[in-house]
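# A look at the structure
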Amino acid sequence: MKKKILLRASVPPYEKHTPSEVINKKIIGDNSGNLLFAYSVTRLLWREDVDIDFIADKDVIANKISTEYINANYSCLVLPMANSFRKQFVECMNKWTKLINKLIIPVVVTGIGIQMPYEPDIAAKHPYDNAVKDFISAVLNHSSSVGVRGEITLKYLQHLGFRDIDVTGCPSFAMFGPGLPVREKKPLTKESAICVTGSVSNPVNFKEFVIRNREILPNYYFVPQFVNDLKLMYMGTPLPLTKNSLVLYPHRIDDEVFVEDRARFFINVPSILAFGREMDFNYGTRIHGAVGNILSGVPSYLFPTDARIRELAEYHNIPNMSAFDVDEKTNLIKLYDKTDFSQVNDGHEQRFWHLIDFLEHNYLSHIYEDRSNPENAVSVLDKKIEETELEPPVHSMLSCSVQEIAKRMSLSFEEMENKSATNENQIDSLSSEINDVIKRLEKTEKQLSKKTQQLDRYMNSSTFEIGKARLKKKMKSKKQ
């Protein structure tokens, strides 16, 4: 009988989905980087004697699956995670805690980490501390240890009082075994294909750095990861206007990166890897942008913006410098020339087998049981991917045919209509709430007016005058 695993993933890695589905159904969550670590863990665990089903955070939040069903149908719950220790994830983390506390099967968490500033204050109080304590306690009641992203998260959990914690890094690095491909470094020229990753929240000095490098290395491709960027590229929907989006970031479809077809968005892992094989160099602030390229052998330089990226860069030995240290003197070509990009393989084999040991200590079988011949490991996922024709990278709508632009625009209009209808419903609901509040206020005002009239009558009555006189007499006698 096959072992059945329930694995956290926003979408099964082998399923084909269109860009419009990714936008409208939140197929990949909000960030395409989530695809990589879910893909890697699926590949590691999916053997011929194992079946894997998938569960998304949104299903847990919506209570779409019961603990009774999980206990009856699965032998283990596996949760590949990322920067889950953050304020925005507390509601979802609490939902997972509630579910895990009712399970009678093992629960394995790997790759989980904290979101803090680049220079973190571990000992400070954080709004997610209690939720983290409850979640980690629940998991440790169902496993031998918890796998975290790096030393910063390890120290944070130790500060909270936990001991059974393993630093396992991000499992996406273990996608293809104990060795990483390292391509020969070639001199950068104007013809070199450059992959640039970033996000709307990057510091201004780094955004300026990116723009300067467009002139120096013009054969670049901008690779964003957030669904709002996908909506912009696919349908022309501008990014929400914020202080960050308005400063040196492609937030409208008429930006040169879209006009010149210099942007790509990926909605599945095989297309990420195929694109990487065509690149000569990758740099940017996105950790999984770096991982996708490193797995393809691309020399990659990372500019961490916070502790979650920093600890992974340090653990996995990725060449890096803080994005905040970039200034007008920072020369990308000089950084490239002096960097040994093969350093990602320094210690990678040991880190890989440490992750495998972690899985085994938590009683999970995997495809690398023959440690002497890891190159022969084959996953069921590999076969599934071969059978599926997945979507190619998404290009800017401005690069498409008139017919394709018209199709995408119709989707954009549908979205606007849906938003309009939603807004109307919200306005109607808000108007109803306001009317209720007005009625309550009017009722309260009438009651207050009535009480005021009663008080006025009392203060003008003989009863009040008699009481006042008695009180004065008592106070006078006390003084004497």
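Up top is the structure.
Residues numbered from 1 in each chain as written. Predicted model: local features only at pLDDT ≥ 70, side-chain atom pairs only at ≥ 80, totals over all residues. Heavy atoms only, no water.

### Brief notes about the overall build of the protein
Scanning the protein for helices and strands turns up 18 helices and 10 strands. Against the compact-globule benchmark of 23 Å for 480 residues, the protein has a radius of gyration of 29 Å, which places it well outside the compact range. For the protein, the C-alpha atoms occupy an extent of roughly 105 × 55 × 45 Å along the three principal directions. Counting only residues that meet the buried cut, the protein has 52% of its 480 residues in that class. At a minimum sequence separation of 6, the contacts of the protein that also span at least 24 residues come to 77%. For the protein, the accessible surface area stands at approximately 24100 Å², while carbon and sulfur atoms represent 51% of it. (Helix = DSSP H or I, 4+ residues; strand = E, 2+ residues; numbered from the N terminus. Rg over C-alpha atoms; globule rule 2.2 N^0.38 Å. Buried < 20%, exposed > 50% of the residue type's maximum accessible area, 1.4 Å probe, protein only. Contact = heavy atoms within 4.5 Å. Areas by Shrake-Rupley, 256 points an atom, 1.4 Å probe, with all protein chains shown as cover.)

### Structural notes on unusual backbone geometry
Phi at L248 is positive, roughly 55°, even though this residue is not glycine. Along the polypeptide, L248 turns up in the loop between α9 (227-235) and α10 (256-259). Even without a glycine there, the phi angle at D261 is positive, about 55°.

### Some thoughts on the nonpolar core
By size, the foremost hydrophobic cluster in this structure holds 103 residues, and its most contacted members are L7, L45, F281, Y283 and F303. Those residues in contact with Y283 that sit more than four places away from it in its chain are I194, C195, V196, T197, F206, F209, V210, N213, Y301, F303 and L332. (Core = buried A, V, L, I, M, F, W, Y, C linked by side-chain atoms within 4.5 Å.)

### Some details on the packing of helix α2 (residues 34-45) against helix α11 (residues 269-276)
Pairs of packed helices are described in terms of their axes, by the angle between the two and the distance that separates them. Packing of α2 against α11 leaves a shortest axis separation of 9 Å and a crossing angle of 105°. One element, α2, and the other, α11, form an angle in the roughly perpendicular class. Contacts between α2 and α11 pair L35, L36 and Y39 from the former with V269, P270 and I272 from the latter. Class assignment of the residues belonging to the contact of α2 with α11 gives a composition of six nonpolar, no polar and no charged. (Axes fitted to C-alpha atoms, helices over the stretch in contact; angles between N-to-C directions. Parallel < 35°, antiparallel > 145°, perpendicular 65-115°, else oblique. Nonpolar A, V, L, I, M, F, W, Y, C, P; charged D, E, K, R; others polar.)

### Here's the deal with a negative patch on the surface
A surface patch of negative charge is lined by E208, D325, D327 and E328. Tracing the sequence through the fold places D327 in the loop between α13 (307-315) and α14 (332-338). (Patch = residues over 30% accessible without salt bridge, like charges linked within 9 Å, V, L, I, M, F, W, Y side chains within 5 Å. Salt bridge = Lys/Arg side-chain N within 4 Å of Asp/Glu carboxyl O. Lys, Arg positive; Asp, Glu negative; His and termini not counted. Charge placed at Lys NZ, Arg CZ, Asp CG, Glu CD.)

### Side note on the sheet that holds strand β4 (residues 107-110)
The strand order β2-β1-β3-β4 describes an open sheet built from four strands, whose pairing is parallel. The sheet is open, and its two borders are formed by β2 (50-55) and β4, each paired with just one other strand. Neighbour to neighbour, the strand axes of the sheet diverge by 25° on average, direction disregarded. Bridge count for strand β3 (residues 76-80) against β4 is four bridges, and the pairing is parallel. In the strand pairing of β4, P80 is matched with T110. (Pairing = 2+ DSSP bridges.)

### So, the packing of aromatic side chains
With the rule as written, the count across this model stands at 22 aromatic pairs. Ring geometry for F222 against Y249: centres 5.8 Å apart, planes inclined by 80°, an arrangement best described as edge-to-face. Of this pair, F222 sits in strand β8 (residues 220-223) while Y249 sits in the loop between α9 and α10, placing them 27 residues apart in sequence. Note on F222: relative accessible area 8%, which makes it buried. Look at Y249 and you get buried, because its relative accessible area is 7%. An aromatic cluster is built from F206, F209, F281, Y283, Y301, F303, Y336 and F341, whose rings are joined through pairwise contacts. (Phe/Tyr/Trp six-rings, centres within 6.5 Å; stacked < 30°, edge-to-face > 60°.)

### Side note on a nonpolar patch on the surface
A cluster of nonpolar residues, V204, I211 and L248, forms a patch on the protein surface that exposes about 210 Å² of accessible area. Owing to a relative accessible area of 38%, L248 belongs among the partly exposed residues under this scheme.

### A few points about helix α8 (residues 204-216)
Counted at 1.5 Å a residue, the expected span for α8 with its 13 residues is 18 Å, and the 19 Å between its end C-alpha atoms agrees. Three or more residues of α8 are buried, namely F206, K207, F209, V210, N213 and R214. On an axial view of α8, the arc spanned by its buried residues comes to 155°, and they lie on one face. Buried residues belonging to α8 abut β7 (194-197), β8, α10, β9 (281-284) and α14. (Expected span 1.5 Å × (residues − 1). Arc of directions from axis to C-beta.)

### Observations regarding the side chain of S296
Locating S296 in the fold gives a position in the loop between α12 (287-294) and β10 (300-302). The exposure class assigned to S296 is buried, which follows from its relative accessible area of 11%. Reaching out from S296, the side chain makes a polar contact with the backbone oxygen of L273 at a distance of 3.1 Å. When neighbours within four sequence positions are excluded, S296 is seen to be in contact with P181, R183, L273, G276 and R277. (Polar contact = N/O pair within 3.5 Å; in protein donor to acceptor, adjacent residues only side chain to side chain.)

### Regarding the environment of T452
Structurally, the position occupied by T452 is in helix α17 (residues 402-459). Judged by relative accessible area, which is 38%, T452 ranks as partly exposed. Separated by 262 residues in the primary sequence, T452 and K190 have C-alpha atoms spaced 83 Å apart.

### Overview of the pattern of salt bridges
Counted according to the given criterion, the structure contains 17 salt bridges. The partner of E48 in a salt bridge is K383, with the nearest N and O atoms 2.5 Å apart. Pair noted here: E48 is in the loop between α2 and β2 and K383 is in helix α16 (residues 380-386), with a separation of 335 residues, a long-range link. By relative accessible area, which is 52% here, E48 ends up exposed. Salt-bridge contacts for R264 lead to D261; the nearest nitrogen and oxygen are separated by 3.2 Å.

### Some points on α11
The element α11 is largely enclosed, with a buried count of six among its eight residues. Restricting attention to buried positions, one finds in α11 the residues V269, S271, I272, L273, F275 and G276. On the buried face of α11, the contacting elements are α2, β7, β8 and α12.

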